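# Residue-level structural notes
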Amino acid sequence: MEYRNTQLEREMIMGCVLEGHQANTPIRWDWMNPDYATIAFLGDKEKSARKNIVSKVARNIHLYDDKVVFWITSDLSGESYPTETDDSIAWLEEKPDLPAAHDPNQYFRDRRGIFPATYFDLTAQGKGGFNFREYVPAVSYRAHMEGPTHGYHRIFESMGNSSAKEVLLHAINDTCKVKWHVTPEGRKFIIPAGVSVYEKAAAMVLAMWSFWAQICRLDNPQQFMLIIEPDKDILLGEHESEFKNHIFRTLDVMRSLSDEITMSLMLSLETMFPIPELGIRTRVYLQTYQSDFDMLTDEHEEFFGPLLYEEWGKGNSHVAYIQDSYTGESCIGELHPDRIRFAEQQVTHA
């Protein structure tokens, strides 16, 4: 249950290399290097090649190590594959909080509090149509022997016969059996379709919670790539809303994990939110449509330059503007899936 970020475990870094060009000069971007642990692909799911690019990356890495790649996605195509049921949340909730000596900044305790509070709040609004905090203004639990879901469970049981109680107890039960589909591109949690944005967001939070709990359960070092690919209806809307804050807080836990363990976070999105809010380092801009970021404005065409739009005009939907938001370096990238390849390299340390 301790987080690992040792030099030895970061010696061998796996990744896929994107080959770009700028004035005919090849540029390599290897985002599984510890210094490039976060990447976002922004592009419409129909008009851009975003989904094909991300799928090729995932497939390449999964072929090398079938324990690396995890998806949280709204793409229903993975539903045809067999499932594994994960009980890591329930397993972890039977454990006490970490001692202060092992978790001085209380990352573990904070995260095991963020996930259930957010998940139950979104579920209450989505499936029950009620305000969770009116029923559960606060929760306490025996931190020396259990996790917070035990405290929530005791409160839910005391609510009497009501639809709210039924919704919340069912939500707890769902944490004990989280389904991941085993596909040729990695393990996929499928965000359900045809439900409210609150229910979609609750499912996404449950998946992140399950992924984190699985990491806490490991005894041996393991590299990970987590791909998060939600429908854009979850991410559109007022950025300052409580709903968007729920999404940001849980995604930020995933982002911070990329600093602590050998994990890369990849966002595959149709919206700009929450790429800048999370401080995602490598950003790949493809064609957008009906998004919170319009690539076709005069202002953006001037910023990104004519070459990008000329390539799109030729039908080259895999051409992108690639930017390192930390250094400010950028290039126009030729990201055809056929040119994305796997690489393993030795990382040197100063």
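In this text the structure is predicted, and so the values were computed from the model without any measurement. (Residues numbered from 1 in each chain as written. Predicted model: local features only at pLDDT ≥ 70, side-chain atom pairs only at ≥ 80, totals over all residues. Heavy atoms only, no water.)

## A closer look at the packing of aromatic side chains
Going by this rule: For Phe, Tyr and Trp, rings pair up if their centres lie within 6.5 Å, where Trp contributes its six-membered ring, and each pair is then called stacked (planes under 30 degrees apart), edge-to-face (over 60) or tilted (otherwise). Under the DSSP-based scheme used, a helix requires at least four consecutive residues in state H or I and a strand at least two consecutive residues in state E, with every element numbered from the N terminus. Relative accessible area decides the class of each residue, using a 1.4 Å probe on protein chains only: under 20% of the type maximum gives buried, over 50% gives exposed, and in between gives partly exposed.
Evaluation of the coordinates by the stated rule reveals 26 aromatic pairs. A ring pair is formed by Phe 115 and Trp 212, whose centres lie 5.6 Å apart and whose planes are at 35°; its orientation type is tilted. Pair noted here: Phe 115 is in helix 3 (residues 107-128) and Trp 212 is in helix 7 (residues 197-217), with a separation of 97 residues, a long-range link. A relative accessible area of 0% means that Phe 115 is categorised as buried. Using a relative accessible area of 0% as the deciding quantity, one classes Trp 212 as buried. On the numbers, 5.2 Å between centres and 90° between planes, the contact of Phe 120 with Phe 156 is edge-to-face. With Phe 120 in helix 3 and Phe 156 in helix 5 (residues 148-157), this residue pair connects regions lying 36 residues apart in the sequence.

## A closer look at the packing of helix 3 against helix 5
Note the threshold: Geometry is summarised by axes, namely lines fitted to C-alpha atoms with helices restricted to the contacting stretch, and by angles between N-to-C directions that run from 0 to 180 degrees. The contact rule is simple, with two residues in contact once any of their heavy atoms fall within 4.5 Å. Side-chain classes are defined by residue name, with Ala, Val, Leu, Ile, Met, Phe, Trp, Tyr, Cys and Pro counting as nonpolar, Asp, Glu, Lys and Arg as charged, and the others, Gly among them, as polar.
Helix 5 packs onto helix 3 with a crossing angle of 35° between their chain directions and a minimal axis gap of 9 Å. Where helix 3 approaches helix 5, its residues Arg 112, Gly 113, Pro 116, Ala 117 and Phe 120 are matched on the opposing element by Pro 148, Thr 149, Tyr 152 and Phe 156. Within the contact of helix 3 with helix 5, the residues separate by chemical class into six nonpolar, two polar and one charged.

## As for the environment of Gly 315
With respect to the helices and strands, Gly 315 occurs in the loop between helix 12 (306-313) and strand 11 (319-324). Look at Gly 315 and you get exposed, because its relative accessible area is 53%. In the structure, Gly 315 is positioned 267 residues away from Ser 48 in sequence and 9.6 Å away in space, judged by C-alpha atoms.

## Side note on the side chain of His 181
Our working rule: Here a polar contact is taken to be a pair of N or O atoms separated by no more than 3.5 Å, where protein atoms must pair a possible hydrogen donor with a possible acceptor and residues adjacent in sequence count only if both atoms sit in side chains.
Relative to the assigned elements, His 181 resides in strand 6 (residues 178-183). Using a relative accessible area of 11% as the deciding quantity, one classes His 181 as buried. There is a polar contact of 3.0 Å between the side chain of His 181 and the backbone oxygen of Tyr 81. Apart from the residues lying within four places of it in its own chain, the contact partners of His 181 are Gly 78, Glu 79, Tyr 81, Pro 82, Thr 83, Gly 186, Arg 187, Lys 188 and Ile 190.

## Some words on the confidence of the model for the protein chain
The following threshold applies: The quantity known as pLDDT measures the predictor's confidence residue by residue, on a range of 0 to 100.
Mean pLDDT for the protein chain: 87, with 87% of residues reaching 70 or above. Low pLDDT, under 50, characterises residues 1-29; the predicted model gives this stretch 114 contacts beyond four residues in sequence or across chains. In this model residues 346-350 is a low-confidence stretch, pLDDT under 50, and it forms nine contacts with partners more than four residues away in sequence or in other chains.

## A few points about the environment of Gly 305
On the secondary structure map, Gly 305 appears in the loop between helix 11 (298-304) and helix 12. Taking relative accessible area as the criterion, Gly 305 reaches 15% and is therefore assigned buried. When the C-alpha atoms of Gly 305 and Tyr 321 are compared, they prove to be 9.4 Å apart, with 16 residues separating the residues in sequence.

## Things to note about the pattern of salt bridges
Rules: Each salt bridge in this description consists of a side-chain nitrogen of Lys or Arg and a carboxyl oxygen of Asp or Glu lying within 4 Å of one another.
Under the defined criterion, the tally for this structure stands at 24 salt bridges. A salt bridge links Lys 67 to Asp 66; the shortest N-O distance between them is 3.8 Å. Across the pair Arg 255 and Asp 252 runs a salt bridge, and its minimum N-O distance is 2.9 Å. With Arg 255 and Asp 252 both in helix 9 (residues 242-260), this residue pair falls three residues apart, about one helical turn.

## Some details on the nonpolar core
Here is the rule we go by: Here the nonpolar core consists of buried residues drawn from Ala, Val, Leu, Ile, Met, Phe, Trp, Tyr and Cys, with membership extended through side-chain atoms lying within 4.5 Å.
Of all hydrophobic cores here, the largest spans 74 residues; its most connected members are Ile 72, Ile 228 and Met 254. The greatest single-element share of this core, amounting to 14 residues, is contributed by helix 7. In this view, Ile 72 contacts Trp 180, Phe 189, Ile 191, Met 204, Ala 207, Met 208, Leu 226, Ile 227, Ile 228, Glu 229 and Pro 230; residues no more than four positions away in its chain are not counted. Counting residues in each nonpolar core, the second largest holds 21 residues, with Val 54, Ile 61, Val 69 and Ile 340 among its members.

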